[in-house]
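Descriptive structure summary
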Amino acid sequence: FDLSSGINAEYGGAGGGFALGAKSVRPKSVVWVLWGDGSCAYSIAEIEPATRLNLPFIAIIGNDGSWGQIEREQVKMLGSDVGCPLNPATPYHKVGEGYGAVGLEIRPSATEEKMQQTLRLAQEEHSKGRTVVVNVALGKSKFREGSVSV
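In this report, we go over the structure that sits alongside the text. (Residues numbered from 1 in each chain as written. Predicted model: local features only at pLDDT ≥ 70, side-chain atom pairs only at ≥ 80, totals over all residues. Heavy atoms only, no water.)

**So, the pattern of salt bridges**
- What the rule picks out here adds up to five salt bridges.
- A salt bridge links Arg107 to Glu105, with the nearest nitrogen and oxygen atoms 3.4 Å apart.
- Salt bridges here are not isolated pairs; linked through shared partners, they connect Glu124, Glu125 and Lys128. (Salt bridge = Lys/Arg side-chain N within 4 Å of Asp/Glu carboxyl O.)

This is the structure we're talking about:
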């Protein structure tokens with residue numbers, strides 16, 4: 001699956017606002033937001049103006065049930081994960097629907113074919129002028145291990 005045909009950016013929790021700005025200046029581009037389940041909390045509400053103002057984008061929310069980047073170093077440094085665990089069952093795709101977007105989900109059991117099918121559906125819905133939120137279940141990773149983000 002190739003994301004290179006659009007504008008790709010993620011800057012912590014600012015992704016929603018940046019997506020609106022990108023879509024405003026490049027209305028014919030496909031804008032993708034790549035959020036973690038923690039960072040999306042900062043700007044998931046930007047889905048509402050995206051739908052209301054016809055500035056659609058595709059949001060991919062990687063849902064591993066934690067502020068993983070923070071948790072890794074916090075536990076090493078402070079011996080506690082307080083404030084880091086999140087509920088992995090949070091239905092972010094339904095949150096998107098509540099703001100007027102199309103909500104899609106990729107479950108842990110999804111095959112690669114099913115994942116690609118879901119992402120193609122996201123692109124198809126976006127081509128119809130719809131904002132799309134894809135809630136993607138993830139396992140734990142060592143993403144950015146060693147970075148200090150406490």
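**Side note on the pairing of strand β5 (residues 132-137)**
- Counting buried positions along β5 gives five out of six residues, so the element sits mostly inside the fold.
- When strand β3 (residues 58-63) meets β5, the two strands line up parallel, connected through six bridges. When the sheet's bridge partners are listed, Asn63 is paired in β5 with Ala137.
- As paired elements, strand β4 (residues 102-106) and β5 share five bridges and run parallel to each other. (Buried < 20%, exposed > 50% of the residue type's maximum accessible area, 1.4 Å probe, protein only. Helix = DSSP H or I, 4+ residues; strand = E, 2+ residues; numbered from the N terminus. Pairing = 2+ DSSP bridges.)

**So, the side chain of Asp64**
- Looking at the secondary structure, you find Asp64 in the loop between β3 and α3 (68-78).
- For Asp64, the side chain forms a polar contact with the main-chain nitrogen of Ser66, separated by 3.2 Å.
- Once residues lying within four places of it in the same chain are set aside, the contact partners of Asp64 are Asp37, Leu138, Gly139 and Lys140. (Polar contact = N/O pair within 3.5 Å; in protein donor to acceptor, adjacent residues only side chain to side chain. Contact = heavy atoms within 4.5 Å.)

**Regarding the packing of aromatic side chains**
- Scanning the entire structure with this criterion turns up one aromatic pair.
- Note on Tyr42 and Trp67: the rings are 5.9 Å apart at their centroids and 70° apart in plane angle, and the pair reads as edge-to-face. Of this pair, Tyr42 sits in the loop between β2 (31-36) and α2 (47-52) while Trp67 sits in the loop between β3 and α3, and the two are 25 residues apart along the sequence.
- Residue class for Tyr42 comes out exposed when judged on its relative accessible area of 62%. (Phe/Tyr/Trp six-rings, centres within 6.5 Å; stacked < 30°, edge-to-face > 60°.)

Shape descriptors only; they carry no functional weight alone.
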